[in-house]
Amino acid sequence: MATVTIRRARIDDADAIAHVHVESWRSTYAGMLPEDMLVRLSSAAREAHWWRRVLGRFRRRHYVFVADHSDAGVVGFISGGPSRDRNMNEDGEVYALYLLDEFQGEGSGRALFVKLATRLKRECGPSLLVWVLSNNPSRFFYEAMGGRRVATRDECVGEVSVTETAYGWVDTNELVMPGQEPPL
């Protein structure tokens, strides 16, 4: 029986994280971002170079965890650190959360999110923020985890203008786990 372990990413995970990153962008943002933009995404090799820097030089304040499947290897990742948005009040921020399509809906996303939130609470403070494309169905994941819409902004992704929604938690103790009702 296959198992998934959530663990801190190592520098030798960079290639696998890059693969998940590129493939997830292509599947997640199909229909939301121009097709030619998704086709031209950086190669996994170029992404791996970026992730090696994150997992090496920037490791002290940029936390990355992976979902390591016993048969398939790294099938997802989450990264985060101190909030990058000075206009927001949250202490920590989820920078990215991606899972390969075939491993979604099995609990790995929740496990990654809780692992990072726990770490960021200790390192940055109790409040948490994540920005997501407003028309991205993954926003429902953050709502199910108890996130509240706290802001919107217009951003450029490549040459495309998109609207993003921020979901926030005043205290990560508010995270909703399976079987719980969202806080009122």
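Nothing here was measured: the structure is a model prediction, and the numbers come from that model. Sequence positions are assigned chain by chain, starting from 1 and proceeding in written order. Thresholds applied to this predicted model are a pLDDT of at least 70 for local features of residues and 80 or more for the giving and counting of side-chain atom pairs; totals over whole chains, interfaces and linings are not thresholded and use all residues. For the side-chain quantities, the full set of heavy atoms in the structure was used; hydrogens and water were omitted.

## Examining the layout of surface pockets
Consideration 1: Two kinds of site are reported from a 1 Å grid over the protein atoms alone, namely cavities, where a 1.4 Å probe fits but cannot get out, and pockets, open sets with protein on both sides within 12 Å along at least five of seven lines, and residues are called lining when an atom falls within 4 Å of a point. Grid points are joined across faces, edges and corners, and a volume is the space filled by probe spheres set on the points. The volume enclosed by the largest pocket comes to roughly 1,200 Å³.
Consideration 2: The wall of the largest pocket is formed by 44 residues, among which Tyr29, Tyr95, Ala96, Leu97 and Tyr98 lie closest to the centre.
Consideration 3: Side-chain classes are defined by residue name, with Ala, Val, Leu, Ile, Met, Phe, Trp, Tyr, Cys and Pro counting as nonpolar, Asp, Glu, Lys and Arg as charged, and the others, Gly among them, as polar. For the lining of the largest pocket, the per-class residue count stands at 22 nonpolar, 13 polar and nine charged.

## A short note on the pattern of salt bridges
Consideration 1: Each reported salt bridge corresponds to a side-chain nitrogen of Lys or Arg within 4 Å of a carboxyl oxygen of Asp or Glu. Following the criterion strictly, the structure yields 14 salt bridges and no others.
Consideration 2: The partner of Glu155 in a salt bridge is Arg153, and the shortest N-O contact between them spans 3.6 Å.
Consideration 3: We call a residue buried when its accessible area falls under 20% of the maximum for its residue type, exposed when it is over 50%, and partly exposed in between, using a 1.4 Å probe and counting protein chains only. For Glu155, a relative accessible area of 31% corresponds to the partly exposed category.
Consideration 4: For Arg153, a relative accessible area of 26% gives the class partly exposed.
Consideration 5: In the salt-bridge network here, residues are joined through shared partners; they are Asp85, Arg153, Glu155 and Glu164.

## A word on the nonpolar core
Consideration 1: The term nonpolar core refers to a set of buried residues drawn from Ala, Val, Leu, Ile, Met, Phe, Trp, Tyr and Cys, joined through side-chain atoms within 4.5 Å. Grouped together as the largest cluster of nonpolar side chains are 49 residues, with contacts concentrated most on Phe113 and Trp169.
Consideration 2: The criterion used for residue contact is that any of the two residues' heavy atoms lie within 4.5 Å. Sequence-distant contacts of Trp169, that is, excluding residues within four places in its chain, are made with Glu90, Phe113, Pro126, Ser127, Leu128, Val130, Tyr142, Met145, Gly146, Gly147, Glu174 and Leu175.
Consideration 3: In this structure, Leu129, Trp131, Ala151 and Ala166 belong to the second largest nonpolar core, which totals five residues.

## Remarks on the packing of aromatic side chains
Consideration 1: Ring pairs shown here join Phe, Tyr and Trp side chains whose ring centres sit within 6.5 Å, with only the six-membered ring taken for Trp; geometry is labelled stacked below 30 degrees between planes, edge-to-face above 60, and tilted in between. If you walk through the whole model with that rule in mind, you get 10 aromatic pairs.
Consideration 2: Arranged with centres 4.7 Å apart and planes meeting at 70 degrees, the rings of Trp25 and Tyr29 form a pair that is edge-to-face.
Consideration 3: Plain terms: the ring middles of Trp51 and Phe77 are 5.0 Å apart, the flat faces sit at 70 degrees to each other, and that makes the pair edge-to-face. Residue Trp51 is located in helix 3 (residues 44–55), and its partner Phe77 is located in strand 3 (residues 73–82); the two are separated by 26 residues in the primary sequence.
Consideration 4: Look at Trp51 and you get buried, because its relative accessible area is 2%. Where helices and strands are cited, they refer to DSSP runs of H or I of at least four residues and of E of at least two residues respectively, numbered from the N terminus.

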